[in-house]
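Reading the structure
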Amino acid sequence: MAAKTVSSIIEMSRTLHKDLLKKIQNKESAVNDTRLSAALEYLETLESKTTEMIEEVPKSNRKNIMDTYIRYYPVDEEDEAQATLENVNASDIDSLMFAMVKVRQKLVNIYDFCTTDAQIPEVKKLMENIRDFEVSKLHEISRQLNEFQLQR
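Cut-offs applied
- Residues numbered from 1 in each chain as written.
- Predicted model: local features only at pLDDT ≥ 70, side-chain atom pairs only at ≥ 80, totals over all residues.
- Heavy atoms only, no water.
- Helix = DSSP H or I, 4+ residues; strand = E, 2+ residues; numbered from the N terminus.
- Rg over C-alpha atoms; globule rule 2.2 N^0.38 Å.
- Buried < 20%, exposed > 50% of the residue type's maximum accessible area, 1.4 Å probe, protein only.
- Contact = heavy atoms within 4.5 Å.
- Lys, Arg positive; Asp, Glu negative; His and termini not counted.
- Charge placed at Lys NZ, Arg CZ, Asp CG, Glu CD.
- Core = buried A, V, L, I, M, F, W, Y, C linked by side-chain atoms within 4.5 Å.
- Salt bridge = Lys/Arg side-chain N within 4 Å of Asp/Glu carboxyl O.

**What to know about the overall build of the chain**
Within the chain one finds six helices and two strands. Of the regular secondary structure in the chain, the N- to C-terminal order runs β-α-α-α-β-α-α-α. Its C-alpha radius of gyration of 16 Å places the chain within 12% of the 15 Å reference for a compact globule of 152 residues. Projecting the C-alpha coordinates of the chain onto the three principal axes gives extents of approximately 50 × 25 × 25 Å. Residues classed as buried in the chain amount to 45% of the 152 residues present. Put simply, of all contacts in the chain between residues at least 6 apart along the chain, 81% involve residues at least 24 apart. For the chain, the separation between the mean place of its 21 positive charges and that of its 27 negative charges on side chains is 2 Å.

Take a look at the structure:
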């Protein structure tokens, strides 16, 4: 495990979400099925809003909070999230949706770990808030994917 600043953790999260968004947008343009297209459009909107929220975090927090180190950052969780994105078959909708869930779950794990490790109350609260946001979006995605699977 390695130490990372809050700002670098936020940047990693933003990058993962932007990469997910690009993969969704690339897949959506090649889809002819209206149900699938609607599901992808929903997921694109969700990823876009998540990216916007993550981009606001550094702007809405003091510099000393963003420069705080999380001492024992779970690098393996980040590596697994990045590997999932790199290995996703963007032409296969099931693979893409599985990757969305897995990457978000890895981010939840990272933020959960950071919440536990944070020593400063403001940092702990920030990590909790982002984790809770990721959990709520993970639940939304799961519901949407279940609906999509039922419609097939």
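**Some thoughts on the environment of Ile130**
By the secondary structure assignment, Ile130 is in helix α6 (residues 121–151). For the pair formed by Ile130 and Met53, sequence separation is 77 residues and the distance between their alpha carbons is 9.3 Å. With residues up to four places along the chain from it excluded, the contact list for Ile130 reads Ile10, Ile54, Val57 and Tyr111.

**Details of the nonpolar core**
If you look at soluble globular proteins, the nonpolar side chains tend to sit buried side by side. Val6, Ile9, Ile10, Met97, Leu126 and Met127 are the most contacted members of the largest nonpolar core, which totals 39 residues. Put simply, the parts of the chain that give this core at least two residues each are α1 (6–28), α2 (34–56), α3 (63–66), β2 (69–73), α4 (75–87), α5 (93–117) and α6. A per-element tally of this core places α5 first, with 10 residues. Excluding residues that lie within four positions of it along the chain, Ile10 makes contacts with Ile54, Val57, Pro58, Met66, Tyr111, Met127 and Ile130.

**With respect to the pattern of salt bridges**
According to the stated counting rule, one finds 13 salt bridges in the structure shown. Arg14 serves as the salt-bridge partner of Glu55, at 3.8 Å between the closest nitrogen and oxygen. Highlighted residues: Glu55 in helix α2 and Arg14 in helix α1, separated in sequence by 41 residues. Overall, Glu55 belongs to the partly exposed group, its relative accessible area being 31%. Lys59 is the salt-bridge partner of Glu56, the closest N and O atoms lying 3.4 Å from each other. Overall, the relative accessible area of 41% leaves Glu56 in the partly exposed class. Residue class for Lys59 comes out exposed when judged on its relative accessible area of 63%. Via salt bridges that share partners, Glu11, Arg14 and Glu55 belong to a single interconnected network.

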